[in-house]
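# Fold and geometry: a report
The residues making up each chain are set out below.
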Amino acid sequence: MPEWDSANTPPRGGFLDRASHAAAFFGGSLMLAAGMLIVASIATRWFLAASIPGDVELIQAATAVAAFAFLPFGQLNRSNIVVDTFTQPLSERICTAVDAFWDIVYAAAAVILSWRLSVAAVDAIRSHTVSTVIGLPIGWFMLAGVIMLFLLALVCVLTAGRLLRGST
Amino acid sequence: MTPLAVGVGGFVAMFLLIMARMPVALSMLVVGSAGYVYFVGLSSFLNFLNATPYYLFANYTLSVIPLFVLMGAFAERSGLARDLFALCSILVGRMRGGLGISVIGACSIFGAICGSSLATTATFSRAALPEMKRLRYEPAFGSAIIAVGGVVDLLIPPSIILVIYAIIAEQNIAKLFLAALVPGIFAVVLYCLVIRIVASRNPGLAPIHEKADGETRLSGSLLSVWPALLVILIVLGGIYSGIFTATEAAGVGAVLMLLAGLMQRRLRWSDFAYSLVQTATTSAMIFAVLLGAEVFNAFLALTQMPEEAAELIGGLSISPYAVMAALMVFYILLGGVMDELAMMLLTIPVVFPIINTLDFGIPKDEVGIWFGILVLTVVGIGLIAPPIGLGVLIVTSISRDVSIVQVYRRILPFVAADFIRLAVLTAFPSVTLFLVRAFS
């Protein structure tokens, strides 16, 4: 169950905490920028009868980078949906250990996703893959995703460690 | 092993992992990956994985989710929940059960903007419960009303969960918003009726309070709420009239809600930063599940399970309504243990093809819309009904002075009202569809 107030607490001192918080803030800003672009595009469509060229592509890229940027902070605040109905009879210590184990599995998954996306990013950069209307370099946006997924992996290890030390 | 058996095995494995506390998104990702590797081999799977997450997230339609979440976060930090509750309680607060009705009214508007049922429950547990207790509402009754208020917004547009259903079932968001309007208002009316009846029969639960509510308070309250209400009107009006797409409406909504908060001097820098970061927490949860579901569904497609299940059930000589009823029971049971989002992402890819093969005497595209409304109705029941009901768990964890069992007891009449609503919506598809038909 997500902790609804988690975003209200200032980031703790560590580098990973601050990096995830900064990434989340950056991702949120990107979505706000996307919102502003939408408003601008609608305005030009109304008044100049043409929307801003490449607006859809920009919003797509912003959403992708923002989504990746949200993941580490989500993990830091344990926002992932977990069904704890069936493990309620178990002791808290066992549940914590199980959660820490799944954090490590999540870290492994994030490493694999990051690695595969890096392959796609390098391919796209080498082949100069660009978006169709305004020629956005897709590979560089993918690279941002690679970094965020790697940060996610590190955060997963951090949260697992915190669970085991009992400091979450 | 036949592909179908592998598919069934995949579902079983995933549910076992979910029961063992593995995050839902991760279990879909892990089982989906294993299944995919089983069918096509490791190297093909790795190739499939390369750019899949990027192109999944770089989706114009999907951007509607963080944008609506952002709009909700701005509204929440501007104090909209408290204002709406104050406005509604000035309007109807002095009648029997009026404060409870105010909660339902405020929740339905706030929840529609905020987009998350559980967040709405949490917000109103803080915004309204203390006031209800002060006016000597029975804490369990008050908590039950707030838990119910949290789920009423599932159907009030622009509900985010409705948007997600539209995306995974490939339905038109604007049409779904139209279809949801009458069932959503129906839910609000039924809940208000339940509060009235319960409060009249047992006046000790909800005492009438006499307060001098002058007109100045009403105008003051309206003054603080109107900008947010105007934003909702623009968002929904834009979608319904076809001026905006849903994504555009969400973008406009987020920007306007920010401007409203700034102009009213209600959003400080810390609130602004909080809203951006809160958007990250909620969106991360949704995007993680979407990624897991993408991989799991790719595996599922290889098993051909959705087609075979649809063929099997379509070939049976039983009434389509019996199948629908069975599915509703299945969803209620599932809703008892699972979050609404996970539940939909897990089941829709298999269940939707089944629904599509059945003949309800209405066009196929309407079936998709009608089914979405029904699913969200049962999901709502799952969120409040014993033995679990995540909404009840949240409100009791915040309220602290009521036991879960007490709240369950008070929530039963609302659950009964839900079943009546579900029966009406299932038996009469036109209740859901007439607005869609009228506008298209």
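All values reported here derive from a predicted model rather than from experimental measurement.

All names here are of chain B. Summed over the entire model, instances satisfying the criterion amount to eleven salt bridges over all chains. A salt bridge links R410 to E138, with the nearest nitrogen and oxygen atoms 2.7 Å apart. With R410 in helix α21 (residues 404-427) and E138 in the loop between α9 (129-134) and α10 (139-152), this residue pair connects regions lying 272 residues apart in the sequence. E138 sits in the partly exposed class, given a relative accessible area of 24%. Here R437 makes a salt bridge to E366, at a shortest N to O gap of 2.8 Å. Note that R437 is positioned in helix α22 (residues 429-439) and E366 in helix α19 (residues 364-384), a separation of 71 residues in sequence. Ionic contacts of the salt-bridge type, sharing partners, join the residues R77, R268 and D271 into one network.

We now examine the packing of helix α8 (residues 117-127) of chain B against α10(B). Residues and elements named next belong to chain B. Contact geometry for α8 and α10: axes closest at 7 Å, N-to-C directions at 145°. The element α8 and its partner α10 pack so that their crossing is right-handed. Facing S117, T120, T121, F124 and S125 of α8, the residues of α10 in contact are I146, A147, G149, G150 and V151. Its residues placed into classes, the contact of α8 with α10 shows four nonpolar, six polar and no charged.

On to the side chain of N80(A). Looking at the secondary structure, you find N80(A) in the loop between α2 (55-76) and α3 (92-126). Look at N80(A) and you get buried, because its relative accessible area is 8%. Polar side-chain contacts of N80(A) include one of 3.4 Å to the side chain of Q75(A). Residues within four places of N80(A) in sequence aside, it is in contact with Q75(A), Y106(A), P23(B), M285(B) and A288(B).

A full pass over the atoms with the stated rule returns 24 aromatic pairs over all chains. Each ring, one from Y36(B) and one from F45(B), has its centre 5.6 Å from the other, and the planes form 55°; the classification is tilted. Taken as a pair, Y36(B) and F45(B) share a single burial class, namely buried. Arranged with centres 4.5 Å apart and planes meeting at 15°, the rings of Y36(B) and F48(B) form a pair that is stacked. Here Y36(B) is found in helix α2 (residues 24-40), whereas its partner F48(B) is found in helix α3 (residues 42-49), with twelve residues between them in sequence. Residue placement shows R116(A) over the ring face of W115(A); its charged tip is 4.6 Å from the ring centre.

Turning next to α3(A). Owing to its 3.6 residues per turn, the α-helix aligns residues three or four sequence positions apart on the same side. With 35 residues, α3(A) ought to run about 51 Å at 1.5 Å a step, and its terminal C-alpha atoms sit 50 Å apart, in line with that. Taken from the residues just after α3(A), H128(A) is the one with a positive phi, measuring 50°.

Moving on, we get to the confidence of the model for chain B. When pLDDT is averaged along chain B, the result is 87; 98% of the residues meet or exceed 70. Here the predicted complex scores 0.89 on pTM and 0.92 on ipTM.

Residue and element names in this part refer to chain A. Spanning 22 residues, α2 covers 32 Å between terminal C-alpha atoms, matching the ideal 32 Å at 1.5 Å per step. In terms of residue burial, α2 counts as a mostly covered element, since 19 of its 22 residues are buried. Remark: R78 follows α2 within two positions and exhibits a positive phi of approximately 50°.

On to the interface of chain B and chain A, then. Of the residues lining the interface, 67 residues belong to chain B; the matching set on chain A comes to 60 residues. Roughly 5700 Å² is buried in total at the junction of chain B and chain A, and carbon and sulfur atoms are behind 78% of that figure. Seen at the junction of chain B and chain A, the total is two salt bridges. Where E248(B) meets R45(A), a salt bridge forms, and the shortest distance between an N and an O atom there is 2.7 Å. Looking at side-chain class alone, the side of chain B that touches chain A contains 51 nonpolar, eleven polar and five charged residues.

All names here are of chain A. Within the secondary structure layout, G135 lies in the loop between α3 and α4 (138-165). You can call G135 partly exposed: its relative accessible area is 31%. If sequence neighbours within four positions are ignored, G135 has contacts with E57 and V130.

Calculation criteria
- Residues numbered from 1 in each chain as written.
- Chains lettered and ligands numbered in written order.
- Predicted model: local features only at pLDDT ≥ 70, side-chain atom pairs only at ≥ 80, totals over all residues.
- Heavy atoms only, no water.
- Salt bridge = Lys/Arg side-chain N within 4 Å of Asp/Glu carboxyl O.
- Helix = DSSP H or I, 4+ residues; strand = E, 2+ residues; numbered from the N terminus.
- Buried < 20%, exposed > 50% of the residue type's maximum accessible area, 1.4 Å probe, protein only.
- Axes fitted to C-alpha atoms, helices over the stretch in contact; angles between N-to-C directions.
- Left-handed = near helix turned anticlockwise from the far one by under 90°.
- Contact = heavy atoms within 4.5 Å.
- Nonpolar A, V, L, I, M, F, W, Y, C, P; charged D, E, K, R; others polar.
- Polar contact = N/O pair within 3.5 Å; in protein donor to acceptor, adjacent residues only side chain to side chain.
- Phe/Tyr/Trp six-rings, centres within 6.5 Å; stacked < 30°, edge-to-face > 60°.
- Lys NZ or Arg CZ within 6 Å of the ring centre and 35° of its normal.
- Expected span 1.5 Å × (residues − 1).
- pLDDT = per-residue confidence, 0-100.
- Buried area = accessible area lost by both parts, 1.4 Å probe.

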